[in-house]
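Here is what each chain is made of, one letter per residue.
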Amino acid sequence: MSTLVELAVYILAIIIISLIGGALPYLRKWSSSNLHYFVAISAGVFIGASFLILIPEAINTILEEGGDPHDAISSALMWVMIGFVVLLMIEIIIKERHEKKCHNHTNEHKHKLTSMAAFTGLGIHSAVDGLALGAAIVASEYNSELGAVVFIAILAHKAIDLFSLSTTFCLADIPRKQGLINVALFSLITPIAAIASYFVVDLVEAAPIGILMALAGGTFTFVGIYDLLPEAFHEKHSNYKSYALVVIGILLIFIINMLTGEAHTH
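Conventions we followed
- Residues numbered from 1 in each chain as written.
- Predicted model: local features only at pLDDT ≥ 70, side-chain atom pairs only at ≥ 80, totals over all residues.
- Heavy atoms only, no water.
- Helix = DSSP H or I, 4+ residues; strand = E, 2+ residues; numbered from the N terminus.
- Expected span 1.5 Å × (residues − 1).
- Buried < 20%, exposed > 50% of the residue type's maximum accessible area, 1.4 Å probe, protein only.
- Arc of directions from axis to C-beta.
- Core = buried A, V, L, I, M, F, W, Y, C linked by side-chain atoms within 4.5 Å.
- Contact = heavy atoms within 4.5 Å.
- Patch = residues over 30% accessible without salt bridge, like charges linked within 9 Å, V, L, I, M, F, W, Y side chains within 5 Å.
- Areas by Shrake-Rupley, 256 points an atom, 1.4 Å probe, with all protein chains shown as cover.
- Salt bridge = Lys/Arg side-chain N within 4 Å of Asp/Glu carboxyl O.
- Polar contact = N/O pair within 3.5 Å; in protein donor to acceptor, adjacent residues only side chain to side chain.
- pLDDT = per-residue confidence, 0-100.
- Phe/Tyr/Trp six-rings, centres within 6.5 Å; stacked < 30°, edge-to-face > 60°.

## Let's talk about helix α1 (residues 3-23)
Side chains of residues three or four places apart in an α-helix project in the same direction, reflecting 3.6 residues per turn.
Part 1 of the argument: For α1, built from 21 residues, the straight-helix expectation of 30 Å at 1.5 Å per residue is met to within 8% by its first-to-last C-alpha distance of 30 Å.
Part 2 of the argument: Looking at α1, one finds that the buried residues are Thr3, Glu6, Leu7, Tyr10, Ile11, Ile14, Ser18, Gly21 and Gly22. Across the axial projection of α1, the buried residues extend over an arc of 130°, all falling on one side.

Written as structure tokens, this is what we have:
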């Protein structure tokens with residue numbers, strides 16, 4: 001199988017699994033409590049992905065690019081912080097503009113801000129996934145398993161990512177049609193990035209993938225802790241259940257990371 005055909009097959013599978021994951025929260029009308037439980041799982045997914053996958057892999061990738069471990073850790077954590085602070089500023093700007101236009105600040109408006117932050121954080125991560133996949137497929141000419149390994153790693157968490165994002169759309173009362181359109185558009189981010197990296201592999205090889213992953217880690221940390229966790233515990237009568245679901249979300253990422261093993265090495 002040629003690398004171009006391999007890329008096409010992987011892209012098709014990623015789009016399908018993304019659409020399935022994103023459509024699940026729209027299959028029925030969920031109660032407010034159920035949506036907040038989904039958000040709790042999503043918070044765990046974001047936090048787990050940041051601390052168990054993105055930040056460690058950012059450190060490893062920067063280390064492979066040269067330098068000692070201390071410098072690699074310091075550099076990665078600096079970019080994690082930058083990602084966190086930049087997304088915080090973006091959300092503040094969005095909130096300030098929103099408040100000037102609307103004086104009726106309901107939970108729905110807060111939920112829309114949360115969904116926008118989640119979209120941004122996941123969007124950065126999805127783009128990095130695509131860059132890694134395209135480069136890995138080109139490199140698979142020398143290592144036949146590399147493209148498949150990276151593909152499995154992406155596919156393992158893609159449905160959970162889209163499920164988490166779609167849940168924030170439901171919580172914000174975004175109409176079903178618009179929400180599914182958003183999911184469909186979002187599902188194209190990784191494929192487009194993969195195609196770009198496949199055809200411009202020399203540029204991708206020079207790209208600071210470790211820095212991009214660290215930035216994604218910062219945005220995931222922000223979304224998980226600043227946006228999703230407070231929303232998960234919004235209904236105070238279910239704190240213990242929400243806590244358990246946050247832990248379950250983290251465990252899901254832990255299990256996926258264990259099963260894929262070295263698949264996250266970009």
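## Focus: the nonpolar core
Part 1 of the argument: Ranked by size, the top nonpolar core spans 36 residues in total, and within it Phe46, Leu122, Leu165, Phe169, Phe220, Val223 and Leu228 carry the most contacts.
Part 2 of the argument: Broken down by secondary-structure element, the contributors of at least two residues to this core are α2 (32-64), α4 (107-139), α5 (146-171), α6 (176-186), α9 (209-232) and α10 (239-260).
Part 3 of the argument: Among the elements that make up this core, the one with the highest residue count is α2 (11 residues).
Part 4 of the argument: Other than its neighbours up to four places away in sequence, Leu122 contacts Phe46, Asp161, Leu165, Phe186 and Phe220.
Part 5 of the argument: Counting 14 residues, the second largest nonpolar core, distinct from the first, contains Ala132, Ala136, Ile137 and Val150.

## So, a nonpolar patch on the surface
Part 1 of the argument: Together, Tyr243, Val247, Leu251, Phe254, Ile255, Met258 and Leu259 line one region of the surface with nonpolar side chains, adding up to about 740 Å² of accessible area.
Part 2 of the argument: For Val247, the position within the fold is in helix α10.
Part 3 of the argument: The exposure class of Val247 is partly exposed, given its relative accessible area of 31%.

## What to know about helix α7 (residues 189-199)
Part 1 of the argument: The complete set of buried residues in α7 reads Thr190, Pro191, Ala193, Ala194, Ser197 and Tyr198. One face of α7 carries all of its buried residues, which in axial projection span an arc of 165°. Exposed residues pointing more than 90 degrees away from the buried face of α7 are listed as Ile192 and Phe199.

## Description of the side chain of Ser187
Part 1 of the argument: Along the chain, the position of Ser187 falls in the loop between α6 and α7.
Part 2 of the argument: Here Ser187 falls in the buried class, since its relative accessible area comes to 3%.
Part 3 of the argument: Polar contacts involving the side chain of Ser187 include one to the main-chain carbonyl oxygen of Val183, which spans 2.7 Å.
Part 4 of the argument: Every residue in contact with Ser187, bar those within four places of it in the chain, is listed here: Ile15, Ser18, Leu19 and Leu162.

## As for the confidence of the model for the protein chain
Any segment with low pLDDT has predicted coordinates that should not be analysed in fine detail.
Part 1 of the argument: The predicted model of the protein chain averages 78 in pLDDT, with 79% of residues at 70 or higher.
Part 2 of the argument: By mean pLDDT, the top-scoring element of the protein chain is α1 (91), and the lowest-scoring one is helix α8 (residues 201-206) (55).

## Considerations on the environment of His36
Part 1 of the argument: Among the structural elements, His36 can be located in helix α2.
Part 2 of the argument: Taking the relative accessible area as the measure of exposure, His36 reaches 4% and is therefore buried.
Part 3 of the argument: Spatially, the C-alpha atoms of His36 and Ala232 are 5.2 Å apart, while their sequence positions differ by 196 residues.

## Topic: the packing of aromatic side chains
Aromatic rings considered in pairs are described by the distance between their centres and by the relative angle of their planes.
Part 1 of the argument: In total, this model carries 4 aromatic pairs according to the counting rule given.
Part 2 of the argument: Between Phe222 and Tyr226 the ring centres are 4.7 Å apart and the planes differ by 20°, which places this aromatic pair in the stacked class. With Phe222 and Tyr226 both in helix α9, this residue pair falls 4 residues apart, about one helical turn.
Part 3 of the argument: Exposure remark for Phe222: the relative accessible area of 0% places this residue in the buried category.
Part 4 of the argument: Tyr226 sits in the partly exposed class, given a relative accessible area of 43%.
Part 5 of the argument: Taken together through their ring pairs, the aromatic side chains of Phe84, Phe222 and Tyr226 make up a single cluster.

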